[in-house]
Amino acid sequence: MMTEREAHLIHKAYEEVKKYEEQVEKDPYRLTFHLMPPVGLLNDPNGLIQYNDVYHVFFQWNPFDTTHGSKFWGHYSSKDLIHWKKESVALAPSEWYEKNGCYSGSAVEWAGKLYLFYTGNVKKENGDRETYQCMAISDDGIHFEKKGPVLELPEGYTAHFRDPKVWKHDDDWYMIVGAQTLDEKGTAVIFQSKDLYHWKEAGRIAGADMNGLNDFGYMWECPDLIHLNGQDLLLVSPQGLEPSGHFYHNVFQSGYFVGKMDYDHVQFQHGPFVELDRGFDFYAPQTFKDASGRTILYGWMGITDDMEPYHPTINHHWVHALTIPRELELRKGKLYQKPLEELKGLRKERLKVNHVNLTENQNIEIQGIKGKALELIVDFLKIEGNKFGISFRNEAVLTYEPEREEIRLQRRNIKTGGHEIRRCKLSDLDKLHVFMDRSSIEIFINDGEEVFTARYFPDSENETIQFFGDHVEMNITKWELKPFTYTGQSI
Ligand code: FRU
């Protein structure tokens, strides 16, 4: 049964949606094939699951403002990840143990029911925090009954202890939680359960002086331990890494460690941390395995940096979106991320231009290769000069320099107006697969070897795409993309 306070909060959120819906939808930067908040602020993807043949995507949501606040769990569902249903709020921060936010968490199915695990965030008047790992259960995937805290803060950690991800291994349930040790080092802690209600601490598995990681961030958020192509991977979002070479230039990072999980001793031997995305706006990803066995990742296409308050969409009462879904594959110890097959269902008519040649330092536009919401595949036949690049709507520029073995993305910083760059090493460029939406760009390189994700805010009428370079030959394919369709109520 929903409490009065919960019903009241959901009603207030609904009022907010009604009030601003029209203004939100008028925004030329509103995306067309990405999940966004109906109004207000969205951050992490939560509770990703396929349950009774339906995919559920929950998300951190502040309906009342475009800043971070007491988070709700918003909810979309879909059979194919492109036709969506707007579901009502799954969790509202109504109870004492979550009064300052139903923070991030995950979903599992057990005995036909859907279980959500999330962090109840409590801020006391003196500024101290409390954290509770909570559970809510549903018979239909839509209506949830809160069961309250199932896990209190164990000894040895600060109250920065959150984002439970739950999974089953053999006959036991496991939960991994992002944490901070008392000496303020980021780590990930594992708990074990037989019944999902009673959890026993099993130990830390990484970070904070383990496996040689002694100075690796002051807090780890959103840990996710998965089994993929015969190995175990810990995905995690550490906070507090200093920029180093091409790495860690965003304020917070998201990446993975490949290793081997020993469940008997609760130990995880692992290799180095690798960033998941090389762009500007990617954080707090979560994965799930669907019925077909694919491991699918969604990320938050945003980050809490100092540009956040400058997003132009805030004038229209909304901010941030999720990334497109990516299928994960581990090849020779490296994670590859590919746009999910289902996105092909958005394609309209195809335009293919073969054997496009760039000779001496040319900069060209190609008839029909332009637009705001489209998919582009560039297959390279040769890159013999010292540069190749694409300028997207005069606002973001991707440049590859073979001699430096480097690829980089430049965009305009919305706070300062200056240019900023993210880059990574790349020894060969064979293929680019780009998803442009009205104010976002996701670039998959060499079938997912590297990915650059960014929001960008071009002149909303600008549709130009320019190719530049030196002794390059390529085949280019373009599809305009249909927008997602939505049914159901507003929240
Ligand atoms: C990551 C995060 C999580 C937390 C949530 C709150 O972006 O800070 O650690 O649960 O967002 O919205």
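Just so it is clear, the model here is predicted, and its values are computed rather than measured.

Definitions and limits used
- Residues numbered from 1 in each chain as written.
- Predicted model: local features only at pLDDT ≥ 70, side-chain atom pairs only at ≥ 80, totals over all residues.
- Heavy atoms only, no water.
- Helix = DSSP H or I, 4+ residues; strand = E, 2+ residues; numbered from the N terminus.
- Buried < 20%, exposed > 50% of the residue type's maximum accessible area, 1.4 Å probe, protein only.
- Pairing = 2+ DSSP bridges.
- Phe/Tyr/Trp six-rings, centres within 6.5 Å; stacked < 30°, edge-to-face > 60°.
- Lys NZ or Arg CZ within 6 Å of the ring centre and 35° of its normal.
- Axes fitted to C-alpha atoms, helices over the stretch in contact; angles between N-to-C directions.
- Domains from an automatic or database assignment.
- Contact = heavy atoms within 4.5 Å.
- Buried area = accessible area lost by both parts, 1.4 Å probe.
- Salt bridge = Lys/Arg side-chain N within 4 Å of Asp/Glu carboxyl O.
- Near = heavy atom within 4 Å.
- Polar contact = N/O pair within 3.5 Å; in protein donor to acceptor, adjacent residues only side chain to side chain.
- Areas by Shrake-Rupley, 256 points an atom, 1.4 Å probe, with all protein chains shown as cover.
- Expected span 1.5 Å × (residues − 1).
- Bend = angle between axes of the 7 residues up to and from the residue.
- Lys, Arg positive; Asp, Glu negative; His and termini not counted.
- Core = buried A, V, L, I, M, F, W, Y, C linked by side-chain atoms within 4.5 Å.

Trainee: Sorry if this is basic, but what is going on with unusual backbone geometry here?
Mentor: Comment: phi is negative for the bulk of residues other than glycine, and the bulk of peptide bonds are trans. Phi is positive for aspartate 53, close to 70°, though the residue is something other than glycine. Checked against the element boundaries, aspartate 53 lands in the loop between β1 (40–51) and β2 (54–62). The exposure class assigned to aspartate 53 is exposed, which follows from its relative accessible area of 55%. Even without being glycine, glutamate 184 reaches a positive phi, approximately 60°. Tracing the backbone shows glutamate 184 in the loop between β10 (172–181) and β11 (186–193).

Trainee: Just to check I follow, could you spell out the environment of histidine 169 for this structure?
Mentor: Its place among the elements puts histidine 169 in strand β9 (residues 157–169). Sequence separation between histidine 169 and tyrosine 263 is 94 residues, and the spatial gap between their C-alpha atoms is 8.5 Å.

Trainee: Looking at this structure, I do not really get the pairing of strand β28 (residues 406–412). What am I missing?
Mentor: For a regular strand, side chains alternate in direction, first toward one face of the sheet and then toward the other. The buried fraction of β28 amounts to 5 of the 7 residues, a majority that puts the element mostly inside the structure. Pairing geometry for strand β27 (residues 396–401) and β28, over 6 bridges, is antiparallel. Paired with threonine 399 across the two strands is arginine 408, which belongs to β28. Following β27, the chain reverses through 4 residues before pairing antiparallel with β28; glutamate 405 in that reversal takes a positive phi of roughly 50°.

Trainee: Any chance you could explain the packing of aromatic side chains here in plain terms?
Mentor: Think of a pair of aromatic rings as described by two things: how far the centres are apart, and how the planes are tilted against each other in angle. Applying the stated criterion across every chain, the model contains 34 aromatic pairs. Ring geometry for phenylalanine 216 against phenylalanine 273: centres 5.1 Å apart, planes inclined by 70°, an arrangement best described as edge-to-face. Pair noted here: phenylalanine 216 is in the loop between β12 (200–207) and β13 (219–228) and phenylalanine 273 is in the loop between β16 (267–270) and β17 (274–275), with a separation of 57 residues, a long-range link. Assigned by exposure class, phenylalanine 216 and phenylalanine 273 land together as buried. In this structure an aromatic cluster arises from ring pairing among Phe59, Trp61, Phe64, Phe72, Tyr76, Trp84, Phe484 and Tyr486. One Lys or Arg, arginine 30, reaches over the ring of tryptophan 318 and ends 4.6 Å from the middle of that ring.

Trainee: Help me understand the sheet that holds strand β30 (residues 431–437), please; the structure alone is not making it clear to me.
Mentor: Backbone-to-backbone hydrogen bonds pair the strands of a sheet. The strands run either parallel or antiparallel. Ordered in space as β23-β34-β25-β30-β31-β32, the 6 strands form an open sheet in which the pairing is antiparallel. With one partner strand each, in any of the chains shown, β23 (347–358) and β32 (450–455) form the two edges of the open sheet. Averaged over all adjacent pairs, the angle separating strand axes in this sheet is 15°, with direction ignored. Both β23 and strand β34 (residues 472–481) contribute to a ladder of 8 bridges, which runs antiparallel. Note on β34: the bridge partner recorded for leucine 358 is valine 472.

Trainee: Explanation requested: the domain arrangement of the protein chain in the structure shown.
Mentor: Interface extent is often summarised as the accessible area lost during association of the parts. Looking at the assigned domains, one finds that the protein chain contains domain 1 (4–341) and domain 2 (348–480). Between the C-alpha centres of domain 1 and domain 2 the distance comes to 30 Å. Each side of the interface is counted separately: domain 1 has 37 residues, and domain 2 has 36 residues. Counting the surface lost from both domain 1 and domain 2, the interface buries some 3,300 Å², and carbon and sulfur atoms represent 60% of this.

Trainee: Would you mind going over the pattern of salt bridges with me for this structure?
Mentor: Charged atoms that come close allow side chains of opposite charge to pair. Applying the stated rule across the entire model yields 34 salt bridges. Note that glutamate 329 is salt-bridged to lysine 338, the shortest N-O span being 3.7 Å. Of the residues examined, lysine 338 reaches a relative accessible area of 29% and is grouped as partly exposed. In this structure, glutamate 395 engages arginine 412 in a salt bridge whose closest nitrogen and oxygen atoms are separated by 2.8 Å. On the criterion of sequence distance, the pair formed by glutamate 395 in the loop between β26 (388–392) and β27 and arginine 412 in strand β28 is long-range, its members being 17 residues apart. By relative accessible area, which is 13% here, glutamate 395 ends up buried. What makes arginine 412 partly exposed here is its relative accessible area of 33%. When salt bridges with common partners are traced through the structure, they connect Glu401, Arg404, Glu406, Arg408 and Arg423 into a single cluster.

Trainee: How should I be thinking about the site of the ligand in this particular structure?
Mentor: Near the ligand you find Asn43, Asp44, Gln60, Lys71, Tyr103, Ser104, Arg162, Asp163, Glu221, Tyr283 and Trp300, and these make up its full shell. Glutamine 60 places a side-chain nitrogen or oxygen 2.7 Å from an oxygen atom of the ligand. A distance of 2.9 Å separates an oxygen atom of the ligand from a polar atom in the side chain of arginine 162. Out of a free accessible area of 320 Å², the ligand has 91% covered by protein chains. Those elements that place two or more of their residues in the shell around the ligand are β1, β5 (102–110) and β9.

Trainee: Would you explain helix α1 (residues 4–25) in this entry?
Mentor: Counted at 1.5 Å a residue, the expected span for α1 with its 22 residues is 32 Å, and the 31 Å between its end C-alpha atoms agrees. When the local axis directions of α1 are compared, the greatest deviation, roughly 45°, occurs at lysine 19. Residues of α1 that are buried include every one of Glu6, Leu9, Ile10, Ala13, Glu16, Val17, Tyr20 and Val24, and no others. Buried residues belonging to α1 abut β2, β3 (72–78), β8 (145–151) and β20 (318–319).

Trainee: Help me understand the side chain of lysine 71 in this model?
Mentor: Mapping lysine 71 onto the fold places it in the loop between β2 and β3. Here lysine 71 sits buried without a salt bridge, and the closest side chain of opposite charge, aspartate 44, lies 6.7 Å off (N-O distance). A polar atom in the side chain of lysine 71 sits 2.9 Å from the side chain of histidine 68. Once residues within four sequence positions are removed from consideration, lysine 71 is found in contact with Leu41, Asn43, Gln60, Trp61, Asn62, Pro93, Asn100, Gly101, Cys102 and Tyr103.

Trainee: Hey, could you run me through the environment of isoleucine 443 in this one?
Mentor: On the secondary structure map, isoleucine 443 appears in strand β31 (residues 440–445). Sequence separation between isoleucine 443 and leucine 398 is 45 residues; the distance between their C-alpha atoms is 9.1 Å. If near-sequence neighbours (up to four positions away) are discounted, isoleucine 443 is found in contact with Phe392, Leu398, Leu409, Leu432, His433, Val434, Glu450, Val451 and Phe452.

Trainee: When you look at the nonpolar core in this model, what are you seeing that I'm missing?
Mentor: As a rule of thumb, nonpolar side chains are buried together in soluble globular proteins. By size, the foremost hydrophobic cluster in this structure holds 49 residues, and its most contacted members are Phe33, Trp61 and Trp84. Those elements that place two or more of their residues in this core are α1, β1, β2, β3, β18 (283–289), β19 (295–300) and β34. Considering every element that reaches this core, the biggest residue donor is α1, with 6 residues. Lining this core are residues from two domains, each supplying at least three of them: domain 1 (4–341) and domain 2 (348–480). For tryptophan 84, the residues in contact, after removing those within four places along its chain, are Leu35, Val57, Tyr76, Ser77, Ser78, Tyr298, Phe484, Thr485, Tyr486 and Thr487. Membership of the second largest hydrophobic core comes to 35 residues, among which are Tyr400, Ile407, Ile443 and Tyr456.

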